[in-house]
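# A look at the structure
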Amino acid sequence: MPAQTPEYLQCEKPMIERLVRAGWEYRRGIEVLEDEGEPLLLSRLRRAIVRINGVTDEEAGEAITLLKAAPFGIEGSRRVLDYLKNGVPIKDDETGQPKRVMLIDYERPENNEFIVANQVGYPFRTKIPDLVLYINGIPLVIIECKKLDVSWKKAYEQIKGYEGEMPELFKYVQVGVAIGDKPVYFPTVPWLESVPVYEWKGESFDPLDNLTAMLKPLTFLDILRYFTFYRESWGTFTKVLPRYMQYRAVKEIVSQAVAYARGETDRNRGLIWHWQGSGKTLTMIFSAYKIKRLLGNPTIFFVVDRRELERQLSDELKAVGLSFEVIGSIPHLKEVLTHADGKRGIFITLIHKFRPEELEEVLQELRRERRRRRTIMDRKDVVVLIDEGHRTQYGDLADMMRSMLEKASLFAFTGTPIAKKGRDTYATFGYRDRPYLDRYFITQSIEDGFTVKIAYQPRLEEDVHLKRELLEAFLSSKLEEIPEDYRERVEEKLKKRLNAIRVFLKNPRRIEMIAEDIARHYRENVEPFKAMVVAVDREACVYYKRALDKHLPPEYSEVVMTFGRDDPKPMKDYAEELRKRFPGKDMEEIRERIRENFRNKETPKILIVTDMLLTGFDAPILQTMYLDKPLKEHRLLQAIARTNRPFFKNGENVKPFGLVVDYVGIFKELKRALEIYDERDIAGAAYNIEEIKAELREKIAKALGYFDGIEMKRDRDTIMKAVETLFRLNKGEEFQRLYREIRYNYKLLKEGRSEFREAFKWLTEVYYAYLSKVEGVPPEVELKEDEFFREALRFIHESVDIGEIKENFPVVELDEEFLKKIMRERDRKRAFSNLMFSVRHYINTHKGPLTEDLVERLERIIEAWRKERKELEKLYEELLEVAEEIENRTRERRELGLDELEYSLLMVLKRHVKANNEELINGVKKLLKETEELRFPRWTEKAEVVSEVSRKIMLLLVKEYKGKCNDIVKTRNELLEVLKRWG
């Protein structure tokens, strides 16, 4: 019977019960473990391979040998995932021919064995994951459980620790699940320090039910086979898992496309309405991959309308290892369409590369061919996935595409559908009873943390904003819907309307004034995040570059746009400058270099654009958009959404909101831009700075609520009382998270801080005092940990006196001098508090055999203090005993002349071996000498090295202490743990 701990009752037990109801079979860890050092349940796996494939026992053994032989690290992990999806390649015993032996039966799920086991002691029974999910004896999911009042991060960090300590296990494990105050899941990638974490949302109020829905055998098999990939980006491999809305949408797309191709339904189109930043590109790729696997050999087209989207899609397909072709010319398109009954495979095409008359020729040729043979026009296993379908799917180009692919399935993906006569995304791709297949919009995206809120702020309203009547004239035009390549073809009348606005917006004095304001605002409010300036046209981009260079270093800003032969002189001169700065590169390569530098390097910090990068450009570090171009409807929403990607550092989003600074007056028309959506759809599309202030008020009030009855005085006793309150209520982690949110908002809110200043200063002092007293972290360490916020140190110094906090709340060493000082302290309450925090800090930083017998005593004392079960005087005496024991051990270590590693090994031997100090110390020295060559950097990640160290420890114990040791296996395990902890 497992111990009835809070972790077991609040997490482990309910999770087991839910998994059993979902179709997993429960076994205790002790029942399933077959080999102490082997993570695979070999006999179960062998039986499953024979059962699924009808192969001999010898062939099953060969497959297992190949599976186990996969090395640690990137290559081995990729190989194992391939084996899990596609089987292990072996030679047939009878014919000698190569064949694949499946480890999992995806076609007949009931043919697999699904086991959930708890407290599985692997390896050496020292690290024990709470739950392991096995399919056919292969460990694929690890679940770590914490109490409801503990952050999920503790469980996440524990699993990340396991990855380094149990590399052999994590060759096979694909998914980690961390459960605490909420359940999250994440890809297990041992070579990365941190990975993205996700919540699986569903219909249930209880998040454990929703998580279980993801782990249902059928759903999990689906995710493993079709949604799990290794992805390479800039030389680094990570693992892709689906988000819940991606999985939901793909299920709908695939179901409909496959049913239509097989003649089971007449419906062959659908709309996926997912807000910007929700991962539409991967949703398209997941869909294509699964359709390709299910239909055998279909033709799948990705249709995009921007080069940036074409590049992004190509990069993603390459990153996950899928083969595809980019159709870059009419002859290439013709070859794909007319080859037999259409070439099979995955293709990307940029629709605006082709003019209607060119497509007309291809269409006519297909029609002629169709009279004498079957063509691609007759096939139902053709699937078209259209990115940003609202922009491209009306007019001649769209008509011709539909005519050429007459029987195909068409699915459009958009974050901003439109519903206007002649350009209705719902009518084009939806059905009257089902306007869209799946919807995931702004409020959900922000709530899930996939995007951040967007705040807007009008500036220089009286000086530079457009006159209302000019704006109305522009908004009534349709110029924004016309690709730049064709703009010269539009009617003269519309050109004149645009020119009237351009004359106003391109006034050099106006641009100078705005550029000066941008430079000041960027330096004071945005840096070290990055920004984008959106100008009315290409010439205005160059004007902005020249103006910004007067106020910021030239390397701070770059222009990203196209150049033409007939450009005016200022633009030609600037193009020439670019060529000199990027020698040997053409303009496309220069633009690509600038984009990547913006994403990944220190400079440029500001991009100046007019059309380029307003869609399909993802740069999480982009926080502010300076908007000086009238945009409307979905185009406005798409542009401002460039700022809504969260920016993660050390596993946390450090960008509380994206900011759009409005120099054109466009947000006076925000209602017009949003009125095509329901109220509930657009709630959260954009916030006024005043709303951000309101949120800050709310967060500060919540933070102050922890300290009911404590005045906001800044003397030591008051701050100490606040720190003790947090510790007593066990609200420290919660307060730290809330304070960091307040700090990010306050830092960005450069203007209008006065009402928050005093409360912020007080909360800051409490925060750093708490870190120092409870966590033992000096203020500078916490601030310097994240290189990105090197300016945060300067910012906090401006707000509070860090020196004062250090003086009042030093990180103390627990030594004889400190104990004497404590015992002289007359105020028993203060003495107890100082001693408690010091002992706790010492034990936390010296975890292991040196202190493990003291941990339980300390936790009992703290629990009694929190609940006021005993008098303070009695608790103080108990705590003083613990502190004196620590001091005695430290003194003994120094007297024996041992370092901490040697002394920790000695403590283990003392507990288990009957011998004098000299014999035990000699044993420690021998052990360290005999394992020295094996303990190279990161040796703990190599299972064979860990096994060899374990063997040497065992030999030494038998040789030196045979008959004197009370439990040789336990002693071996504890000594190994000490060596591993020191790395």
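Note that the structure is predicted; figures quoted are calculated from it, not measured.

### Here we look at the overall build of the protein
Check the secondary structure of the protein and you find 42 helices and 28 strands. Taking all 983 residues of the protein together, the buried fraction comes to 57%. Considering only residue pairs separated by 6 or more positions, the protein has 73% of its internal contacts joining residues 24 or more positions apart.

### Observations concerning the sheet that holds strand E8 (residues 183-187)
Pairing in this open sheet of 6 strands is mixed, and the strands run E1-E4-E5-E6-E7-E8 from one edge to the other. Sheet topology places strand E1 (25-28) and E8 at the edges, where each strand pairs with a single neighbour. The mean angle between the axes of side-by-side strands here comes to 25°, regardless of whether they run parallel or antiparallel. Across 4 bridges, the pairing between E1 and strand E4 (residues 114-118) is parallel. The residue bridging Arg-27 from the neighbouring strand is Ala-117, located in E4. Here helix H6 (residues 152-165) sits on the sheet in contact with strand E6 (138-145), strand E7 (175-179) and E8, set at roughly 145° to E7.

### Re helix H10 (residues 280-295)
An ideal rise of 1.5 Å per residue puts 22 Å on 16 residues; H10 measures up with 22 Å between its terminal C-alpha atoms. With 13 of its 16 residues buried, H10 lies for the most part within the structure. One or two positions beyond H10, positive phi appears at Gly-296, with a value near 90°.

### Notes on the confidence of the model for the protein
When pLDDT is averaged along the protein, the result is 77; 73% of the residues meet or exceed 70. Contacts from residues 389-395, a stretch scored under 50 in pLDDT, to residues over four places away or in other chains number 35 contacts. Between residues 678-682, whose pLDDT stays under 50, and residues either more than four places distant or in other chains, the model counts 10 contacts.

### Observations regarding the environment of Glu-165
For Glu-165, the location among the structural elements is in helix H6. Judged by its relative accessible area of 26%, Glu-165 is partly exposed. Along the sequence, Glu-165 and Lys-980 sit 815 residues apart, while their C-alpha atoms lie 7.8 Å from each other.

### Side note on the sheet that holds strand E19 (residues 438-440)
Across the sheet, which stays open at both edges, the 7 strands sit in the order E13-E14-E12-E15-E16-E11-E19 with parallel pairing between neighbours. The sheet is open, and its two borders are formed by strand E13 (325-327) and E19, each paired with just one other strand. Each strand axis lies, on average, 20° off the axis of its neighbour in the sheet, ignoring direction. Seen against the sheet, helix H9 (residues 244-261) touches strand E11 (269-274), strand E15 (382-387), strand E16 (409-414) and E19 and runs at an angle of roughly 165° to E19.

### A word on the nonpolar core
Leu-103, Ile-143 and Leu-215 are the most contacted members of the largest nonpolar core, which totals 91 residues. Per-element tally for this core: the top contributor is H9, with 9 residues. Not counting the four nearest positions on each side in its chain, Ile-143 is found in contact with Met-15, Leu-19, Asp-130, Leu-131, Leu-133, Val-177, Ile-179 and Leu-215. Residues Leu-505, Ala-519, Leu-636 and Val-654 belong to the second largest nonpolar core, which totals 71 residues.

### Structural notes on unusual backbone geometry
Cis geometry marks the peptide bond from Glu-527 to Pro-528, where omega comes out at 15°. In this fold, Pro-528 is placed in the loop between helix H21 (508-526) and strand E21 (530-534). Residue Pro-604 is bonded to the preceding Thr-603 through a cis peptide linkage, with omega at 0°. Within the secondary structure, Pro-604 is located in the loop between helix H24 (587-600) and strand E23 (606-609). One non-glycine residue, Gln-119, lies in positive phi territory at about 55°. With respect to the helices and strands, the residue Gln-119 is situated in the loop between E4 and strand E5 (131-135). Positive phi values are uncommon outside glycine, yet Asn-136 reaches one of about 55°.

### Some points on the packing of helix H3 (residues 42-53) against helix H4 (residues 57-69)
Relative orientation of the contacting elements H3 and H4 amounts to 125°, with a least axis distance of 9 Å. In terms of their interaxial angle, H3 and H4 are classed as oblique. Seen along the crossing, H3 lies across H4 with a hand that is right-handed. Across the interface between the two elements, Leu-42, Leu-45, Arg-46, Ile-49 and Val-50 from H3 touch Asp-57, Ala-60, Gly-61, Ala-63, Ile-64, Leu-67 and Lys-68 from H4. Within the contact of H3 with H4, the residues separate by chemical class into 8 nonpolar, 1 polar and 3 charged.

### Considering the pairing of E5
Here E5 lies mainly inside the structure; 5 of its 5 residues are buried. The alternating pattern of E5 places Leu-131, Leu-133 and Ile-135 on one face and Val-132 and Tyr-134 on the opposite face, and all of these are buried. Taken together, the 5 bridges between E5 and E6 define a ladder with antiparallel strand orientation. Residue pairing across strands places Leu-131 opposite Ile-143, the latter belonging to E6.

### Considerations on the pairing of E7
Burial within E7 is extensive, with 5 of its 5 residues counted as buried. Taking every second residue as pointing to the same face, both faces of E7 are buried, with Val-175, Val-177 and Ile-179 on one and Gly-176 and Ala-178 on the other. Sheet topology places E6 next to E7; 5 bridges connect them, and they run parallel. Within the sheet, the bridge partner assigned to Ile-143 lies in E7 and is Val-177. Here E7 runs beside E8; their pairing, made up of 5 bridges, is antiparallel. Residue pairing for E8: Ile-179 is matched across the bridge by Pro-183. Count of turn residues in the E7/E8 antiparallel hairpin: 3 residues.

### Some points on the environment of Lys-962
Topologically, Lys-962 is positioned in the loop between helix H41 (943-961) and helix H42 (968-982). On the basis of relative accessible area, Lys-962 is assigned to the exposed category, the value being 67%. When the C-alpha positions of Lys-962 and Val-913 are compared, they lie 9.4 Å apart, and in sequence the two are 49 residues distant.

### Examining the packing of helix H7 (residues 207-215) against helix H8 (residues 217-226)
Close contact between H7 and H8 brings their axes to 5 Å; oriented N to C, the two are set at 60°. Between H7 and H8, the interaxial angle falls into the category oblique. Side by side, H7 and H8 meet where Ala-213, Met-214 and Leu-215 of the first sit next to Pro-217, Thr-219, Phe-220 and Ile-223 of the second. Among the residues making up the contact of H7 with H8, the classes are represented as 6 nonpolar, 1 polar and no charged.

### Points about the pattern of salt bridges
Throughout the structure, instances matching the rule amount to 47 salt bridges. With its nearest N and O atoms 3.5 Å apart, the salt bridge here joins Arg-28 to Glu-31. The exposure class assigned to Arg-28 is partly exposed, which follows from its relative accessible area of 40%. As a salt-bridge pair, Asp-438 and Arg-248 come within 2.7 Å of each other at their nearest N and O atoms. Of this pair, Asp-438 sits in strand E19 while Arg-248 sits in helix H9; the two residues are 190 residues apart in sequence, bridging distant segments of the chain.

What counts and how
- Residues numbered from 1 in each chain as written.
- Predicted model: local features only at pLDDT ≥ 70, side-chain atom pairs only at ≥ 80, totals over all residues.
- Heavy atoms only, no water.
- Helix = DSSP H or I, 4+ residues; strand = E, 2+ residues; numbered from the N terminus.
- Buried < 20%, exposed > 50% of the residue type's maximum accessible area, 1.4 Å probe, protein only.
- Contact = heavy atoms within 4.5 Å.
- Pairing = 2+ DSSP bridges.
- Axes fitted to C-alpha atoms, helices over the stretch in contact; angles between N-to-C directions.
- Expected span 1.5 Å × (residues − 1).
- pLDDT = per-residue confidence, 0-100.
- Core = buried A, V, L, I, M, F, W, Y, C linked by side-chain atoms within 4.5 Å.
- Parallel < 35°, antiparallel > 145°, perpendicular 65-115°, else oblique.
- Left-handed = near helix turned anticlockwise from the far one by under 90°.
- Nonpolar A, V, L, I, M, F, W, Y, C, P; charged D, E, K, R; others polar.
- Salt bridge = Lys/Arg side-chain N within 4 Å of Asp/Glu carboxyl O.

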